Amino acid sequence: MKIGVIAIQGDVEEHIKALKATLAERGENENGEVIRIKHRGIVSSCDAIVIPGGESTTIGRLMEREGITEELRDAAEEGKPLLGTCAGMILLAKEGDEEVKKTGQPLLGLMDVRVKRNAFGRQRESFEAPLKMSIFDEPFPGVFIRAPCITHAADTVDVLATLDEDDDKMNKRIVAARQGNIMALAFHPELTGDRRIHHYFLDTFL
Ligand code: GLN
C-alpha cells in the first residue's frame, strides 16, 4: 500500500508521521509506504492520497503549476481514496465563498460542497473541541487552526460532524464530510495522537 502526501506546503511531515504510525499499528511496516508528492508523475502510483493543511491558495496554485491538479482529478475518478484536511478540505470543494472567489484560487472541485475559509473568526482562530462524529462512539479531539467549514453540501455528501455557531445553536457548520472515496476534514487529526480517522480512512476506503 502506497500513500502519497501532497508535499508542496503545510503540515506535510505531521501527516507522514501519523500515516507511518497508522501503517505500523496495522502491521503494514513491510508493505506500507508513505511518499511525498511534489511533482507530476507520482500520483498515479499511489493507492491513496492526502492533501494536508496549510495555505490553500499556495497549495492550489503550485499543484496546478506542477500539473498535479489534473492527476488528482483522474485519481478521484478512478475511485482512489483522497483525504483533505483544513486547506485540503477547501481544495477538494466544488465551490468557495466570496473570499475564495476573490482570490481566484484554483479548486479541485471533487466534492459537491461549498466551503468558507477562516470560518471561525479571529477570536477563535485556533481551538480544540471534542467532536461528536457519526463514525465513532467516542468524541474525536478536533484541532482547528484558522479552519474552514462546509456551509452547503449536496444530498450525495455524508455529513460526519458539525459544530454549532457560537451564537446560534440551530446554525451548524459542517466540519467533516465524505462523498464516496473522498473525505474532507476542517480540523487536523495528524496533530493528535488519536489515529482513529487515519484507520477509518484506510479501513473503509482501501
Ligand atoms: N486558513 C487556511 C486557508 O484558507 C487553512 C488553514 C489550515 O490549513 N490550517 O488556506
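On to the overall build of the protein chain. Each helix and strand counted, the protein chain has six helices and twelve strands in total. A compact globule built from 206 residues would reach a C-alpha radius of gyration of about 17 Å, and the protein chain, at 16 Å, matches this within 12%. If you line up the protein chain on its principal axes, its C-alpha atoms span 50 × 40 × 30 Å. Of all 206 residues assigned to the protein chain, the portion counted as buried reaches 53%. Taking the contacts inside the protein chain whose residues are at least 6 apart along the sequence as the reference set, 66% of them involve residues at least 24 apart.

Topologically, R195 is positioned in the loop between β12 (182-185) and α6 (196-205). A residue is classified by how much of its surface remains accessible, and R195, at 22% relative accessible area, is partly exposed. Sequence separation between R195 and E138 is 57 residues, and the spatial gap between their C-alpha atoms is 13 Å. With residues up to four places along the chain from it excluded, the contact list for R195 reads A18, A21, T22 and E25.

Turning to the side chain of T85, a few remarks are in order. Mapped onto the elements, T85 comes out in strand β4 (residues 82-85). Take T85: its relative accessible area is 0%, and that puts it in the buried class. Once residues within four sequence positions are removed from consideration, T85 is found in contact with H15, I51, P52, G53, L185, F187, P189 and E190.

Every α-helix carries 3.6 residues per turn, so stepping three or four residues along brings you back to the same face. S56, T57, I59, G60 and M63 are the residues of helix α2 (residues 56-66) that are buried. Looking at the buried residues of α2, the elements they touch are β1 (2-6), α3 (68-77), α4 (87-92) and α5 (98-103). G67 sits one or two positions beyond α2 and adopts a positive phi of about 85 degrees.

Side-chain pairs of opposite charge can arise whenever the charged atoms involved come near each other. Using the criterion set out here, one finds twelve salt bridges in the structure. Note that E25 and R195 form a salt bridge whose closest N and O atoms lie 2.9 Å from each other. Taken together, the positions of E25 in helix α1 (residues 12-25) and R195 in the loop between β12 and α6 put the pair 170 residues apart, joining distant regions of the chain. Here D112 makes a salt bridge to K94, at a shortest N to O gap of 2.7 Å. With D112 in strand β6 (residues 111-116) and K94 in strand β5 (residues 93-96), this pair connects stretches of sequence that are 18 residues apart. Through salt bridges with shared partners, one network takes in E55, E99, R117 and R146.

Glancing now at the site of the ligand. As a structural note, the neighbourhood of the ligand is formed by G53, G54, E55, S56, C86, A87, I90, R117, N118, I145, R146 and H188. The backbone of S56 places a nitrogen or oxygen atom 2.6 Å from an oxygen atom of the ligand. A distance of 3.0 Å separates a nitrogen atom of the ligand from a polar atom in the backbone of R146. Taken by itself the ligand offers 310 Å² of open surface, and the protein chains cover 98% of this. The residue inventory of the shell around the ligand, partitioned by class, reads four nonpolar, five polar and three charged.

A negative phi angle is the norm for most residues apart from glycine, just as the trans form is the norm for most peptide bonds. Even without being a glycine, N118 presents a positive backbone phi close to 45 degrees. As for its position among the elements, N118 is in the loop between β6 and β7 (126-131). One non-glycine residue, R146, lies in positive phi territory at about 40 degrees. In this structure, R146 sits in the loop between β8 (140-145) and β9 (149-153).

The rules we used
- Residues numbered from 1 in each chain as written.
- Predicted model: local features only at pLDDT ≥ 70, side-chain atom pairs only at ≥ 80, totals over all residues.
- Heavy atoms only, no water.
- Helix = DSSP H or I, 4+ residues; strand = E, 2+ residues; numbered from the N terminus.
- Rg over C-alpha atoms; globule rule 2.2 N^0.38 Å.
- Buried < 20%, exposed > 50% of the residue type's maximum accessible area, 1.4 Å probe, protein only.
- Contact = heavy atoms within 4.5 Å.
- Salt bridge = Lys/Arg side-chain N within 4 Å of Asp/Glu carboxyl O.
- Near = heavy atom within 4 Å.
- Polar contact = N/O pair within 3.5 Å; in protein donor to acceptor, adjacent residues only side chain to side chain.
- Areas by Shrake-Rupley, 256 points an atom, 1.4 Å probe, with all protein chains shown as cover.
- Nonpolar A, V, L, I, M, F, W, Y, C, P; charged D, E, K, R; others polar.

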